[in-house]
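Results of the structural survey
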Amino acid sequence: MENYLLRDELNSDIMDDFAEDPFCNPDHPTRISFEDITSAAYKIRSGINLTQCIKSHLSDMTGMDIYLKKDFLQNTGSFKERGARYALLMLPKEKRDKGVIAASLGNHAQAISYHGLLLNIPVTVVMPLIAPIMKIQKCRELKANVIIEGKDMAEARRVATKLAREQGLTYVNGYDHPHIIAGQGTIALEILEQVNDIDAIVVPTGGGGLLAGVIVAVKALNSKIKIIGVESERCASFSKALECGEPIQTNIEGTLADGLAVPKVGYNAWVTAKDHVDKMVIVQEEWIAVAILRLVEMEKCIVEGAGACGLAAILAGQLDEFKGKRVVLILSGGNIDTTILGRCLERGLAADGRLVKFKATVSDRPGGISELCKLIGSIGVSIKDVIHERAWVTSDVFSVEVKVVCETRDYAHSLELRELMFAHYKKVKFENLRSIKHSKPDITSSIAGI
Ligand SMILES: Cc1ncc(COP(=O)(O)O)c(C=O)c1O
């Protein structure tokens, strides 16, 4: 309970929400209709890419018929362009001339900057300090007025709504403005045209705009299709709202799925989606890293953490009820900093048991370390790093402790390496050698919806 605000704080927070953003009134939230989505689809189609939704190579490995909706292939690398373009197109002339302002961790900011530039509408974006550098840079390239302020989204939003009032700009909430939700729902209309006989669609969920839009479109056309929302364990605000029966301020921690790091789901998104979501799944960060790695290796797709959450849920065994069924994963974004991608891939390899670290005490006489290297090479393992430790070794002075980082083919190969080291050296210690595939998913972190 300590993670969540007390009742009084919550009420004042609700009041703040409305004072800041007249399109998101907690007391009278707007339910998005199917007609809103079809109207959005018609209006935005000339400015949005029709992205592929094709069968995945991951189908055999997962035992499901998996299709990938590749919306990371939009111009600015995410589905957010759908809502952003629609919201801009719906502005009356005098509001277009004044310009818009948004608070965003990056994808909404890029989307609105890009379409603002195309439609000749001035755009200001407030991005919190935690926003990824690459996303900040992109907005600057798209000629937006970029303000970096606030430790998180809630603070950035306060800055943005204050500036909106002072400067007469229109504030466009990236997940809860009704036009944003309607725009995001257009992705579902495309999916239903592109793939037949779908059993489930898995939707990465942050503030809930994408989930709400997809639900409205899909349930109107084929109510049998299950809609699964997926969140990271570090920002599970929709699951928390379901548990509490209303949007609630949720603690956010640093996550690979930074696009989903919204502390409280939107009221319009909530009221639109809450009764129709079939299941919410909370995924562990390690599985997100493995999902990013699989998408790079097997699909040649670079997808950010938020976009990879659906696959993470499947790999973790949290959607096993869909084995043998047809499941569409929305790959919602691809904007990941290159350095973070490198770290994710390393984490993914470690979680997979393919990047291993061990210490061994070996002879310090000539040839001691070369023998260790030969042994490792003899089974086809490659060495990434070797560090020697002489001063603090407690065994004889003719010994040296060596720390080694190796890359192996798979977990079984890592076990073979461990056997070999134990057979040749008396003092060997492997750190964290395990494969996430062989550890059971945490079933407490999967919450069934209503
Ligand atoms: C890549 C990506 N996927 C999913 C989402 C979730 O969208 P929503 O906030 O509408 O739930 C976001 C939100 O920014 C995102 O950037």
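Everything here concerns the structure above.
Heads up: these notes are all about the structure in this document.

How each quantity is defined
- Residues numbered from 1 in each chain as written.
- Predicted model: local features only at pLDDT ≥ 70, side-chain atom pairs only at ≥ 80, totals over all residues.
- Helix = DSSP H or I, 4+ residues; strand = E, 2+ residues; numbered from the N terminus.
- Rg over C-alpha atoms; globule rule 2.2 N^0.38 Å.
- Buried ≥ 20, exposed ≤ 12 C-beta atoms within 10 Å, placed from the backbone.
- Contact = placed C-beta atoms within 7 Å.
- Pairing = 2+ DSSP bridges.
- Axes fitted to C-alpha atoms, helices over the stretch in contact; angles between N-to-C directions.
- Parallel < 35°, antiparallel > 145°, perpendicular 65-115°, else oblique.
- Nonpolar A, V, L, I, M, F, W, Y, C, P; charged D, E, K, R; others polar.
- Near = placed C-beta within 6 Å.

Side note on the overall build of the protein
Tallying secondary structure elements over the protein gives 17 helices and 15 strands in all. Relative to the globule expectation of 22 Å for 450 residues, the C-alpha radius of gyration of the protein, 25 Å, shows essentially globular dimensions. Within the protein, the fraction of its 450 residues that count as buried is 48%. Of the contacts formed within the protein by residues at least 6 apart in sequence, a portion of 76% connects residues at least 24 apart.

A word on the pairing of strand β2 (residues 65-70)
Buried residues dominate β2, accounting for five of its six residues. Direction of pairing for strand β1 (residues 53-55) relative to β2: antiparallel, over a ladder of three bridges. Across the sheet, I54 pairs through a bridge with L68, a residue of β2. Relative to strand β10 (residues 326-331), β2 runs parallel, the two sharing six bridges. Bridged to K70 within β10 is L331.

Remarks on the sheet that holds strand β6 (residues 170-171)
A sheet is described by the order of its strands in space; here four strands give the open sequence β5-β4-β3-β6, paired in parallel fashion. Two strands close off the open sheet at either side, each with one partner strand: β5 (145-148) and β6. For strand β3 (residues 100-103) and strand β4 (residues 123-127), the ladder comprises four bridges, and the chain directions are parallel. What sits directly across from A102, in β4, is V125. Strands β3 and β4 of the sheet are contacted by helix α6 (residues 107-119), whose axis makes an angle of about 170° with β4.

Focus: the sheet that holds strand β11 (residues 355-363)
Read across the sheet, four strands follow the order β12-β13-β11-β14 without closing on themselves; strand pairing throughout is antiparallel. For this open sheet the edge positions go to β12 (382-389) and β14 (428-431), each flanked by a neighbour on one side alone. Geometrically, the sheet is characterised by an average inter-axis angle of 20° between neighbouring strands, direction not taken into account. Here β12 pairs with strand β13 (residues 399-407) via seven bridges, running antiparallel. From the neighbouring strand, S382 faces β13, where its bridge partner is E407. Here helix α16 (residues 368-378) sits on the sheet and contacts β11, β12 and β13; the angle it forms with β11, its principal contact strand, is near 145°. Along the sheet face, helix α17 (residues 411-424) touches β11, β13 and β14 and points at about 10° away from the line of β11.

Some points on unusual backbone geometry
The phi angle of most residues is negative, glycine excepted, and most peptide bonds adopt the trans form. Here N120, not a glycine, exhibits a phi torsion of approximately 65°, which is positive. Structurally, the position occupied by N120 is in the loop between α6 and β4. Residues other than glycine seldom take positive phi values, yet K300 does so here, at roughly 55°.

Concerning the packing of helix α2 (residues 34-44) against helix α4 (residues 81-89)
Contact geometry for α2 and α4: axes closest at 10 Å, N-to-C directions at 85°. The angle between α2 and α4 places the two elements in the roughly perpendicular class. Across from A40, K43 and I44 in α2, the residues of α4 making contact are R82, R85, Y86 and L89. The residue makeup of the contact of α2 with α4, split by class, is four nonpolar, no polar and three charged.

With respect to the site of the ligand
G206, G209, G259, S332 and G333 are the nearest of the 21 residues found near the ligand. Listing elements by their share of the shell around the ligand, those giving two or more residues are α6, α10 (209-221) and α14 (305-315).

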